[in-house]
Amino acid sequence: MSAYILMIRDKTTDPAEFAQYAQLAPNARHGHDISRVAFYGTMEVLEGPAAEGVAILRFPDMAAAKAWYNSPAYQEAREHRFKGAEYRMLLVEGSDV
């Protein structure tokens, strides 16, 4: 069953660190089956707090999503994300019906 990672950027705190993340993160996609469902496009808040940006990534299953998240390449990139922005990241199992 497919799985989705929702990345919600609440606030950029250090643009230089965030730029490092943006440069390194694409390298983490190599060798992983990832589809961009939405990627920081135009959005409208219908309920709840505003966010600076949202990305939704689709993976074949929960294990594949965790393999990407725990990969050495993404672990290296995310250290810059931690320093550069406040994020919420959720992993949710999809419904393939």
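If you're wondering where the values come from, they're calculated on a predicted model, not measured in any experiment. (Residues numbered from 1 in each chain as written. Predicted model: local features only at pLDDT ≥ 70, side-chain atom pairs only at ≥ 80, totals over all residues. Heavy atoms only, no water.)

### Some thoughts on the sheet that holds strand β2 (residues 35–39)
Each strand in a sheet pairs with its neighbour through backbone hydrogen bonds, running either in the same direction (parallel) or in the opposite one (antiparallel). Our working rule: Between any two strands, at least two bridges found by DSSP are needed for them to pair. What counts as a helix is a DSSP run of H or I of at least four residues, what counts as a strand is a run of E of at least two, and both are numbered from the N terminus. In this description, a line fitted to the C-alpha atoms serves as the axis of each element, helices being fitted only across the stretch in contact, and the angle between N-to-C directions of two axes falls anywhere from 0 to 180 degrees. Here, two residues are considered to be in contact whenever any of their heavy atoms come within 4.5 Å of each other.
Taken in spatial order, the four strands line up as β2-β3-β1-β4 in an open sheet, and their pairing is antiparallel. Edge strands, defined here as strands with exactly one partner in the open sheet, are β2 and β4 (85–93). Ignoring strand direction, the axes of neighbouring strands in this sheet form an average angle of 15°. Across nine bridges, the pairing between strand β1 (residues 3–12) and β4 is antiparallel. Across the sheet, the residue bridging to M7 is M89, located in β4. The strands touched by helix α1 (residues 15–24) are β1 and β4; relative to β1, the strand with the most contacts, the crossing angle is about 155°. Running at roughly 130° to β4, helix α3 (residues 72–84) makes contact with β1 and β4 of the sheet.

### As for the pattern of salt bridges
Counted only if it meets this: The salt bridge criterion pairs a side-chain nitrogen of Lys or Arg with a carboxyl oxygen of Asp or Glu, the two atoms within 4 Å. The cut-offs for exposure are 20% and 50% of the maximum accessible area for each residue type, with area from a 1.4 Å probe on protein chains only; residues under the lower value are buried, those over the upper are exposed, and the others partly exposed.
Per the stated rule, a full pass over the model turns up two salt bridges. We note a salt bridge from R9 to E52, for which the minimum N-O separation is 3.0 Å. Of the two residues, R9 sits in strand β1 while E52 sits in the loop between β2 and β3 (53–59), which places them 43 residues apart along the sequence. The salt bridge involving D10 is made with R88; its shortest N-O contact spans 2.8 Å. Here D10 is found in strand β1, whereas its partner R88 is found in strand β4, with 78 residues between them in sequence. What makes D10 partly exposed here is its relative accessible area of 26%.

### Quick notes on the nonpolar core
Quick note on the threshold: By nonpolar core we mean a set of buried residues, namely Ala, Val, Leu, Ile, Met, Phe, Trp, Tyr and Cys, connected to one another through side-chain atoms within 4.5 Å.
Judged by nonpolar contacts, the single largest core of 17 residues is most densely connected at M7, Y21, F59, W68 and Y74. The set of elements that each furnish at least two residues to this core consists of β1, α1, β3, α2 (62–69), α3 and β4. Every residue in contact with W68, bar those within four places of it in the chain, is listed here: I5, A28, R29, H32, I34, L57, F59 and Y74.

### Topic: the packing of aromatic side chains
Keep this limit in mind: Put simply, two rings from Phe, Tyr or Trp (the six-membered ring, in Trp's case) pair if the centres are within 6.5 Å, and we call them stacked under 30 degrees between planes, edge-to-face over 60, tilted for the rest. The criterion is that NZ of a Lys, or CZ of an Arg, lies within 6 Å of the ring centre and within 35 degrees of the ring normal, and then a charge sits over that ring.
Overall, the coordinates contain eight aromatic pairs when judged by the stated rule. Aromatic pair F39 and Y40: ring centres 4.9 Å apart, planes at 75°, arrangement edge-to-face. With a relative accessible area of 25%, Y40 lands in the partly exposed category. Seen in terms of ring centroids, W68 and Y69 are 6.4 Å apart; in terms of plane orientation they differ by 55°. Their pairing is tilted. What links up through ring pairs into an aromatic cluster is the set F18, Y21, F59, W68, Y69, Y74 and Y87. When the ring centre of F39 is taken as reference, the NZ or CZ atom of R36 above it lies at 3.7 Å. Positioned above the aromatic ring of Y87, the side-chain terminus of R81 is 5.0 Å from the ring centre.

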